[in-house]
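# Summary of the model geometry
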Amino acid sequence: MRLFIDRLDQALNALTGRVSLVAGWTLLALSVAITVNVLLRKLFNYSFQGVDEYGGYCLAICASIGFAQAMYDRAHIRIDVLTQVFPLKLRAFFDVVTQILLLLVAALLMLKAIEVVQTSHQMRALAISPLRTPLAVPQGVWAGALTWFCFTLAVHALRALLKLLAGDWQTVVREFGSANLDEEIEQEVALAQARMSARTGGQP
């Protein structure tokens, strides 16, 4: 059971990274489109229809995708002034509690998003822009992104709980607790070294 959850969590982590990369390129393309639109409006008094509207959709969807990536990167903000001085076992316990509480919030967001999509679909709601976009379409993608966040978080929280029940306190704190300053520095140095190695083709 634990081995299966570990492998599933790793696979979801890798897949989330790829989806986040697509979301990042989408935001980059959106930035280019907005820049071109601003220049056209300034220089030629012309504007593309829908850039603002679809830009808002992209931001909402990409942000929801980013929630899952932030979870794997332990980048969600925590107030951990007190827990840092707790004994290892107690820190591990609160780290698991944090995962479960975050899962409850994610589930609430997912359910509310699905409710919004259902309402828009039933009302056949359209955007108030000239494009008259059916709102259920972008809202459905947004709800799907939140559902993905909730699913990955559920697997991640279950893995944390299994580690806790097995008495693997160190792994719980290391993989599910908030990153301290030393860990963040090590991660940034490792990323910088990887980028330098990629540029130089692995040559020292």
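Heads up: the structure comes first, above all this text.
Summary of the structure given here. Starting afresh in each chain, residues are numbered from 1 along the sequence in its written order. Two thresholds apply to this predicted model, a pLDDT of at least 70 for residue-level local features and 80 or more for giving and counting side-chain atom pairs, whereas whole-chain, interface and lining totals are computed over all residues. In computing side-chain values, all of the structure's heavy atoms are included and hydrogens and water are not.

## Description of the overall build of the chain
- Per the secondary structure count, the chain includes six helices and zero strands.
- Per the convention used, a helix needs a DSSP run of H or I reaching at least four residues, while a strand needs a run of E reaching at least two, with both numbered from the N terminus. When the helices and strands of the chain are placed in sequence order, the string is α-α-α-α-α-α.
- For 204 residues, the compact-globule estimate of 2.2 N^0.38 gives 17 Å, and the chain exceeds it by more than 25% at 21 Å.
- Dimensions of the chain, computed from the C-alpha atoms along their principal axes, are close to 65 × 55 × 35 Å.
- Buried residues are those whose accessible area, probed at 1.4 Å on protein chains only, stays under 20% of the maximum for their type, while exposed residues exceed 50% and partly exposed ones sit between those limits. The buried share of the chain, taken over its 204 residues, is 31%.
- Residue pairs at least 24 apart in sequence account for 74% of intrachain contacts in the chain once pairs closer than 6 positions are excluded.
- Exposure was quantified through the Shrake-Rupley algorithm and a 1.4 Å probe, taking into account, for residues, occlusion by the shown protein chains and nothing else. Summed over its atoms, the accessible surface of the chain is roughly 13200 Å², and 68% of this surface lies on carbon and sulfur atoms.
- When the 17 positive and 15 negative side-chain charges of the chain are each reduced to one mean point, those points stand 6 Å apart. Restricting the calculation to C-alpha atoms gives the radius of gyration, and the globule rule supplies 2.2 Å times the number of residues raised to the power 0.38. Any two residues whose heavy atoms approach within 4.5 Å at even a single point are treated as in contact. The charge count treats Lys and Arg as positive and Asp and Glu as negative. His and the chain ends do not count. Positions of charges follow a simple convention, taking NZ of Lys, CZ of Arg, CG of Asp or CD of Glu.

## Focus: the packing of aromatic side chains
- Stacked, edge-to-face and tilted are the three classes for Phe, Tyr and Trp ring pairs, Trp counted by its six-membered ring, which pair at centre distances within 6.5 Å; planes under 30 degrees apart are stacked, over 60 edge-to-face, the rest tilted. A full pass over the atoms with the stated rule returns four aromatic pairs.
- Where Tyr54 meets Tyr57, the ring centres are 5.3 Å apart and the plane angle is 90 degrees; that geometry is what we call edge-to-face. Placement of both Tyr54 and Tyr57 in helix H2 (residues 51-72) is noted, with a separation of three residues, approximately one turn of the helix.
- Look at Tyr54 and you get partly exposed, because its relative accessible area is 38%.
- Summarising the aromatic geometry, the rings of Trp148 and Phe151 are spaced 6.2 Å apart at their centres and angled 50 degrees between planes, so their arrangement reads as tilted. One end of the pair is Trp148 and the other is Phe151, both in helix H4 (residues 136-165) and three residues apart, which spans about a single turn.

## Looking at a nonpolar patch on the surface
- To count toward a patch, a residue needs a relative accessible area over 30% and no salt bridge; like charges are then connected within 9 Å, while nonpolar side chains (Val, Leu, Ile, Met, Phe, Trp, Tyr) are connected within 5 Å. Here, a salt bridge means any side-chain nitrogen of Lys or Arg that lies within 4 Å of a carboxyl oxygen of Asp or Glu. On the surface, a cluster of nonpolar side chains totalling about 730 Å² of accessible area is made up of Val32, Val36, Leu39, Leu43, Phe44, Tyr46 and Phe48.
- Residue placement: Val32 occurs in helix H1 (residues 2-44).

## Structural notes on the nonpolar core
- By size, the foremost hydrophobic cluster in this structure holds twelve residues: Ile5, Leu12, Ala68, Met71, Tyr72, Ala106, Met110, Phe149, Cys150, Leu153, Val155 and Leu162.
- Where this core is concerned, the elements lending two or more residues are H1, H2, helix H3 (88-123) and H4.
- Considering each element in turn, this core owes the most residues, five residues, to H4.
- For this analysis, a nonpolar core means a set of buried residues of the types Ala, Val, Leu, Ile, Met, Phe, Trp, Tyr and Cys, connected via side-chain atoms within 4.5 Å. Residues Val96, Leu164, Val172 and Val173 belong to the second largest nonpolar core, which totals seven residues.

## Observations concerning H2
- Here H2 spans 31 Å end to end across 22 residues, near enough to the 32 Å set by a 1.5 Å rise per residue.
- Backbone geometry just after H2 places Arg74 at a positive phi near 55 degrees. To estimate the expected span of a helix, subtract one from its residue number and multiply by 1.5 Å.

## Describing helix H5 (residues 169-176)
- For H5, the full list of buried residues reads Thr171, Val172, Val173 and Phe176.
- As for H5, its buried residues are in contact with H3 and H4.

## Thoughts on the packing of H3 against H4
- Two elements in contact, H3 and H4, have axes separated by 8 Å at closest approach and are oriented at 160 degrees. Taken together, the axes of H3 and H4 lie roughly antiparallel to each other. For the crossing formed where H3 meets H4, the hand is left-handed.
- Residue composition of the contact of H3 with H4, by class: 25 nonpolar, seven polar and no charged. Angles here are taken between N-to-C directions and fall from 0 to 180 degrees, while the axes themselves are lines fitted to C-alpha atoms, restricted in helices to the stretch in contact. Should an angle fall under 35 degrees it is taken as roughly parallel, and over 145 as roughly antiparallel, whereas 65 to 115 is taken as roughly perpendicular and any remaining angle as oblique. A clockwise turn of the near helix away from the far one marks a right-handed crossing, whereas an anticlockwise turn of less than a right angle marks a left-handed crossing. Throughout this entry, Asp, Glu, Lys and Arg are counted as charged residues, while Ala, Val, Leu, Ile, Met, Phe, Trp, Tyr, Cys and Pro are counted as nonpolar. The remaining residues, Gly among them, count as polar.

## Structural notes on unusual backbone geometry
- At Arg74, a residue that is not glycine, the phi angle is positive and equals roughly 55 degrees.
- Take Arg74: it is sitting in the loop between H2 and H3.
- Given the relative accessible area of 16%, Arg74 is considered buried.
- Positive phi values are uncommon outside glycine, yet Arg124 reaches one of about 50 degrees.
- Mapped onto the fold, Arg124 is located in the loop between H3 and H4.
- Among the residues examined, Arg124 registers a relative accessible area of 73% and is labelled exposed.

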